[in-house]
Amino acid sequence: MTPAGGTAVAERPAEVTADLTGWNTLVWDDPINLMSYVTHVFVTYFKFSHAKATRLMMQVHTEGRSVVATGTREEMETHVNALHAYGLWATVERSE
Amino acid sequence: MIGFRREGDALVAEFEEVEVALVSSLVAQVDELLGGGQVGVAPGPSEDPFDAWAGEFGDGVALDDADPVIARLFPDPYPDDPVASAEHKRYTRDALRRGRVDDAQHVLSDLDATQGGEHPLVVDLAHAEAWIKTLNGVRLSLAVRLGIESDADHRGLERMSPRDPRYQVVAIYDWLAVVLESLLESL
C-alpha cells in the first residue's frame, strides 16, 4: 500500500496525454518525388516555413524517413490522407 | 516547352503540339485507371448529398488492387497492420480517387484550351495544385511501370541503350520532372 495516493493520481493524467497524442505521421524516402516537390507539399499542406520544410525534406532524403507530425491517431490519419493525395509515401505509427 | 511563368492570377507556359498530346494522353491513362474519363462532366465534388454519402461509404469505382500503380497511389497507412490499413482505406480511398479524377479533368481541360499548342497553356492559380498533383501522379505511375524503386534503378535506366523500348519512357519521365520543377518555381 502506498503511503499517499499522490503518485498514482499524478501518473494518470500523464498516461491520458500520451494516449491522445501518441501517434506519428511518417514520410518515407522514395526515388520519384522531387525534393522541390516534397518541400512544396510540406509548406502547402502543413504551412511549415520554407526552412522547416526543407529541413524535414532533407531528413527524409538522407535518413530515409522523417516524423512530420505528432498527435492523435485520427489527426495523423487525416495528415496521411492529405499526403497520399499528393503522392507522398506516408504512414501512421505509434510514437515510442 | 517554354517553362511556366507567373502572369497575374495565372501560370503560363508554352507547349508544342506533341507535348500537349503527350501530357494529355498520360493524364488520361492515369485517369482511366482511376475510373475517370467522363469527358464533359464538370469537375468538383458532387452536390447531390446521396452521391456524396454513397461515395463516403466506399460505394465508388472498384480499383484494381493487383495493379502496382494503384498500390503506389493509395499506399497502406499501416504497413505492419493490413487490417487497420484496409479499414482506413475503406473509408478514405474513394475520396482520394475522386480528388485525382477531378484534378485530371482540370489538367485535360487546360491542355485542351491550347488547341493543340496553338495558344499558350494558361493554368489558373486556383488549379495549380491540381496540376502539381496530377503531373506528380503521372511520374509515380511511370516510375512504377519502369520499376524505379531506388536512386540506383533510375541511374541504371538513364544509362540504357537508345534501342531499349523503355528509353523513350525514361526520357518522358525525366522531361515531366522538368515541367513539374518549372511549375513549382513559377508559383
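Use the structure listed above.
The sections below set out a description of the structure shown in this document.

**Brief notes about the overall build of chain A**
Reasoning step 1: For chain A, the helix and strand inventory stands at four helices and three strands.
Reasoning step 2: Going from N to C terminus, chain A has its helices and strands arranged as α-β-α-α-β-α-β.
Reasoning step 3: Counting the 96 residues in chain A, one finds 44% classified as buried.
Reasoning step 4: Pairs at least 24 apart in sequence give 70% of the contacts found in chain A among residues at least 6 apart.
Reasoning step 5: Carbon and sulfur atoms make up 59% of the accessible area of chain A, which totals about 5,300 Å².

**So, the pairing of strand β1 (residues 2-7) of chain B**
Residues and elements named next belong to chain B.
Reasoning step 1: When β1 meets strand β2 (residues 10-14), the two strands line up antiparallel, connected through four bridges. Bridge pairing in β2 places I2 opposite E14.
Reasoning step 2: A loop of two residues connects β1 with β2, the two strands running antiparallel in sequence, and G8 in this loop sits at a positive phi of about 65 degrees.

**A look at the sheet that holds β1 of chain B**
All names here are of chain B.
Reasoning step 1: One open sheet holds the three strands; their spatial order is β1-β2-β3, and the pairing between them is antiparallel. In this open sheet, the two strands that pair with only one neighbour each are β1 and β3 (121-124). Each strand axis lies, on average, 20 degrees off the axis of its neighbour in the sheet, ignoring direction.
Reasoning step 2: Packed onto the sheet, helix α7 (residues 167-186) meets β1 and β2 and runs at close to 20 degrees relative to β1.

**Digging into the interface of chain B and chain A**
Reasoning step 1: Each partner contributes residues to the interface: chain B has 29 residues there, and chain A has 23 residues.
Reasoning step 2: Contact between chain B and chain A buries roughly 2,300 Å² in total, counting both sides, with carbon and sulfur atoms accounting for 58%.
Reasoning step 3: Counting every contact that joins chain B to chain A gives one salt bridge.
Reasoning step 4: A salt bridge links R72 of chain B to D30 of chain A, with the nearest nitrogen and oxygen atoms 3.3 Å apart.
Reasoning step 5: Counting the contacts that link chain B with chain A gives 15 residue pairs in polar contact (both at pLDDT 80 or more).
Reasoning step 6: Among the secondary structure elements, those contributing two or more residues to the side of chain B that touches chain A are α3 (68-73), α4 (82-112), α5 (128-146) and α7 of chain B.
Reasoning step 7: Looking at which element gives the most residues to the side of chain B that touches chain A, the answer is α5 of chain B, with seven residues.
Reasoning step 8: Taken together, the residues of the side of chain B that touches chain A sort by class into 16 nonpolar, four polar and nine charged.

**Details of the side chain of E77 of chain A**
Reasoning step 1: Residue placement: E77 of chain A occurs in helix α4 (residues 73-85).
Reasoning step 2: Within polar-contact distance, the side chain of E77 of chain A engages the side chain of H88 of chain B at 3.4 Å.
Reasoning step 3: Non-local contacts of E77 of chain A, meaning those with residues more than four positions away in its chain, are made with V92 of chain A together with Y78 and H88 of chain B.

**A word on the environment of I132 of chain B**
Reasoning step 1: Within the secondary structure, I132 of chain B is located in helix α5.
Reasoning step 2: Overall, I132 of chain B belongs to the buried group, its relative accessible area being 0%.
Reasoning step 3: Taking the C-alpha atoms as reference points, I132 of chain B and E181 of chain B, separated by 49 residues in sequence, lie 9.4 Å from one another.
Reasoning step 4: Setting aside residues no more than four positions away along its own chain, I132 of chain B makes contact with Y37 and H40 of chain A together with L180, L183, L184 and L187 of chain B.

Definitions and cut-offs
Residues numbered from 1 in each chain as written. Chains lettered and ligands numbered in written order. Predicted model: local features only at pLDDT ≥ 70, side-chain atom pairs only at ≥ 80, totals over all residues. Heavy atoms only, no water. Helix = DSSP H or I, 4+ residues; strand = E, 2+ residues; numbered from the N terminus. Buried < 20%, exposed > 50% of the residue type's maximum accessible area, 1.4 Å probe, protein only. Contact = heavy atoms within 4.5 Å. Areas by Shrake-Rupley, 256 points an atom, 1.4 Å probe, with all protein chains shown as cover. Pairing = 2+ DSSP bridges. Axes fitted to C-alpha atoms, helices over the stretch in contact; angles between N-to-C directions. Buried area = accessible area lost by both parts, 1.4 Å probe. Salt bridge = Lys/Arg side-chain N within 4 Å of Asp/Glu carboxyl O. Polar contact = N/O pair within 3.5 Å; in protein donor to acceptor, adjacent residues only side chain to side chain. Nonpolar A, V, L, I, M, F, W, Y, C, P; charged D, E, K, R; others polar.

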